[in-house]
Amino acid sequence: MASVIEQCQVAPSPGSAAELTLPLTYFDHMWLAFNRMRRILFYKLPISRSDFVQTIIPTLKDSLSLALTHYIPLAGNVACPLSSSGYPELRYVIRDSVSVIFSETDMDFNYLISNHPRDAKDFYHFVPQLAEAKDAPGIQLAPVLAIQVTLFPNIGISIGFTNHHVAGDGATILGFIRAWASLNKFSGDEQFLANEFVPFYDRSVIKDSHGQAMSIWDVMQKFKLEMCEIVTPPDKVRVTFIITQDDITKLK
């Protein structure tokens, strides 16, 4: 349904932090065993394949690299210890990067974005799968973000995101998407990057005087954590409902 034009790795731009480690807090542990999050954005953009390859792909890669300098953990991994003495963390080291696929499809764009029941399986062609976790000394490293940009020739594009929830909730990923969009729109000029798009990483503001994080982690280690995910598209339909202001008033 979607043929690959280019598959690449995009790293934070040169000059960003060489490494960053963020220990998980007691708010984060439950997401280690949570399903990966997937979302797709559709844009009407009547461009040809040649324009997509020559213009859109290079600018998206450049602006993504700049956005990742502010969202360094998204280019890294969840580091999950193999022994009981370790503790899970988000870890970025130099040369870590995000997997990005650029693809093309002949599927009906309007069918996917229209307000009628659609087979949920049809959308899975446009979201990427996170790479499998890999072993390192004493830990497993699982990527936290993958992106797929798909061209619907002369109609539009979609951008699909798959992320590990432990690296950020919906607001975090939305902030990342808006930062990427802003940098892409303004050719990488960071003066247009609003403060609310830039994340805050100081974990010291979360106080854990009773050692809850380690207690929760001790319990979680009794269960088998699957750092890899097998994707089975559901046998369901996806429907969009339009709710007007009058409908909302009636509900109240």
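Structure: above.
In this text, all values refer to a predicted model and were calculated from it rather than measured experimentally.

Enquirer: Any chance you could break down the sheet that holds strand β6 (residues 98-104) for me, citing the residues and the numbers?
Expert: The five strands are arranged β1-β6-β10-β11-β3 in an open sheet whose pairing can be described as mixed. Strands with a single pairing partner mark the edges of an open sheet, and in this sheet they are β1 (3-10) and β3 (37-44). Between one strand and the next, the sheet's axes are offset by a mean angle of 15°, whatever the strand orientation. Pairing between β1 and β6: seven bridges, direction antiparallel. Bridge pairing links Gln9 to Ser99 in β6. In this fold helix α1 (residues 49-70) packs onto β1, β6, β10 (145-152) and β11 (156-163), with an angle of close to 25° to the strand it touches most, β1. Docked against the sheet, helix α3 (residues 170-185) engages β3, β10 and β11, running at close to 140° with respect to β11.

Enquirer: Let's hear about the packing of aromatic side chains: which residues, and what values?
Expert: This structure, assessed with the given rule, holds twelve aromatic pairs. Ring centres of Phe42 and Phe109 lie 5.8 Å apart, and the angle between their planes is 80°; on these two criteria the pair is classed as edge-to-face. Taken as a pair, Phe42 in strand β3 and Phe109 in helix α2 (residues 109-113) lie far apart in primary sequence, 67 residues in all. With a relative accessible area of 1%, Phe109 lands in the buried category. Between the aromatic rings of Phe126 and Phe152, the centroid separation amounts to 5.4 Å while the plane-to-plane angle is 45°, which identifies the pairing as tilted. A residue pair is termed long-range when its members are at least 10 positions apart, and Phe126 in the loop between β7 (118-119) and β8 (134-136) and Phe152 in strand β10 qualify at 26 residues. For the pair Phe126 and Phe152, a shared accessibility class is recorded, and that class is buried. Members of the aromatic cluster, connected to one another through ring pairs, are Phe42, Phe109, Phe123, Phe126 and Phe152. The ring of Phe123 is capped by Arg238, whose NZ or CZ atom sits 5.0 Å from the centre of that ring.

Enquirer: Which residues make up the environment of Ala142, and what are the values?
Expert: Take Ala142: it is sitting in strand β9 (residues 139-143). Residue class for Ala142 comes out buried when judged on its relative accessible area of 2%. Along the chain, Ala142 and Arg91 lie 51 residues apart, while their C-alpha atoms are 9.9 Å from each other.

Enquirer: Explain a nonpolar patch on the surface to me, and be specific about the residues and the numbers.
Expert: A contiguous nonpolar patch, built from Val237, Val239, Phe241, Ile243, Ile248 and Leu251 and spanning about 630 Å² of accessible area, is present on the exposed surface. By the element assignment, Ile248 lies in helix α5 (residues 245-251). With a relative accessible area of 34%, Ile248 lands in the partly exposed category.

Enquirer: Run through the nonpolar core, naming residues and quoting values.
Expert: Within soluble globular proteins, side chains that are nonpolar tend to cluster in buried spots. By size, the foremost hydrophobic cluster in this structure holds 44 residues, and its most contacted members are Phe52, Leu74, Ile147, Phe176 and Trp180. Among the elements that take part in this core, α1 stands out by supplying seven residues, more than any other. Setting aside anything within four residues of it in sequence, one finds Phe52 in contact with Ile5, Ile47, Ile57, Pro58, Phe102, Ser103, Val149, Leu151 and Ile157. Met107, Leu112, Phe123 and Phe126 belong to the second-largest nonpolar core, a separate cluster that totals six residues.

Quick notes on the rules
Residues numbered from 1 in each chain as written. Predicted model: local features only at pLDDT ≥ 70, side-chain atom pairs only at ≥ 80, totals over all residues. Heavy atoms only, no water. Pairing = 2+ DSSP bridges. Helix = DSSP H or I, 4+ residues; strand = E, 2+ residues; numbered from the N terminus. Axes fitted to C-alpha atoms, helices over the stretch in contact; angles between N-to-C directions. Contact = heavy atoms within 4.5 Å. Phe/Tyr/Trp six-rings, centres within 6.5 Å; stacked < 30°, edge-to-face > 60°. Buried < 20%, exposed > 50% of the residue type's maximum accessible area, 1.4 Å probe, protein only. Lys NZ or Arg CZ within 6 Å of the ring centre and 35° of its normal. Patch = residues over 30% accessible without salt bridge, like charges linked within 9 Å, V, L, I, M, F, W, Y side chains within 5 Å. Areas by Shrake-Rupley, 256 points an atom, 1.4 Å probe, with all protein chains shown as cover. Salt bridge = Lys/Arg side-chain N within 4 Å of Asp/Glu carboxyl O. Core = buried A, V, L, I, M, F, W, Y, C linked by side-chain atoms within 4.5 Å.

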